[in-house]
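What follows is the residue order along each chain.
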Amino acid sequence: MPGPVGFDFVVRGEQVVITHHGRTASTLRGRRAQEFLEDVESHDPQELMARLTGNYRRGNERISRLHPRNRQR
């Protein structure tokens, strides 16, 4: 399964604004913004932004749809 794509971030003063496909997804301030800027250097930025915004798939949505108990829905 491919990883998350379409995320970007902009540093505005002491804030970090995270966007997804051009729309604001989250704004980080203070210590959380600093931690993000430190983590983005050593981790996959797309994955990190997806986790922070809550916009990521867990990988089981497609599989659970095919389960016999969910086929009638």
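You'll find the structure just up there.
Residues numbered from 1 in each chain as written. Predicted model: local features only at pLDDT ≥ 70, side-chain atom pairs only at ≥ 80, totals over all residues. Heavy atoms only, no water.

### Describing the sheet that holds strand S1 (residues 7-12)
Here is step 1 of the chain: One open sheet holds the three strands; their spatial order is S1-S2-S3, and the pairing between them is antiparallel. Strands with a single pairing partner mark the edges of an open sheet, and in this sheet they are S1 and strand S3 (23-29). Taking the axes of each pair of neighbouring strands and ignoring which way they run, one obtains an average angle of 25° across the sheet.
Here is step 2 of the chain: In the sheet, strand S2 (residues 15-20) pairs with S3 via six bridges, with the strands oriented antiparallel. Directly across from Val17, in S3, lies its bridge partner Thr27.
Here is step 3 of the chain: Packing against the sheet, helix H1 (residues 30-42) makes contact with S1, S2 and S3, and its axis sits at approximately 110° to S3.
Here is step 4 of the chain: Strand contacts of helix H2 (residues 45-53): S1, S2 and S3, with the helix running at about 80° to S1, the strand carrying the most contacts. (Pairing = 2+ DSSP bridges. Helix = DSSP H or I, 4+ residues; strand = E, 2+ residues; numbered from the N terminus. Axes fitted to C-alpha atoms, helices over the stretch in contact; angles between N-to-C directions. Contact = heavy atoms within 4.5 Å.)

### A closer look at the packing of H1 against H2
Here is step 1 of the chain: Axis separation between H1 and H2 bottoms out at 10 Å; the angle between their running directions is 150°. Classified by the angle between their axes, H1 and H2 sit roughly antiparallel to one another. H2 is crossed by H1, and the crossing has right-handed handedness. Contacts between H1 and H2 pair Arg32, Phe36, Asp39 and Val40 from the former with Pro45, Leu48, Met49 and Leu52 from the latter.
Here is step 2 of the chain: Counted by class, the contact of H1 with H2 contains six nonpolar, no polar and two charged residues. (Parallel < 35°, antiparallel > 145°, perpendicular 65-115°, else oblique. Left-handed = near helix turned anticlockwise from the far one by under 90°. Nonpolar A, V, L, I, M, F, W, Y, C, P; charged D, E, K, R; others polar.)

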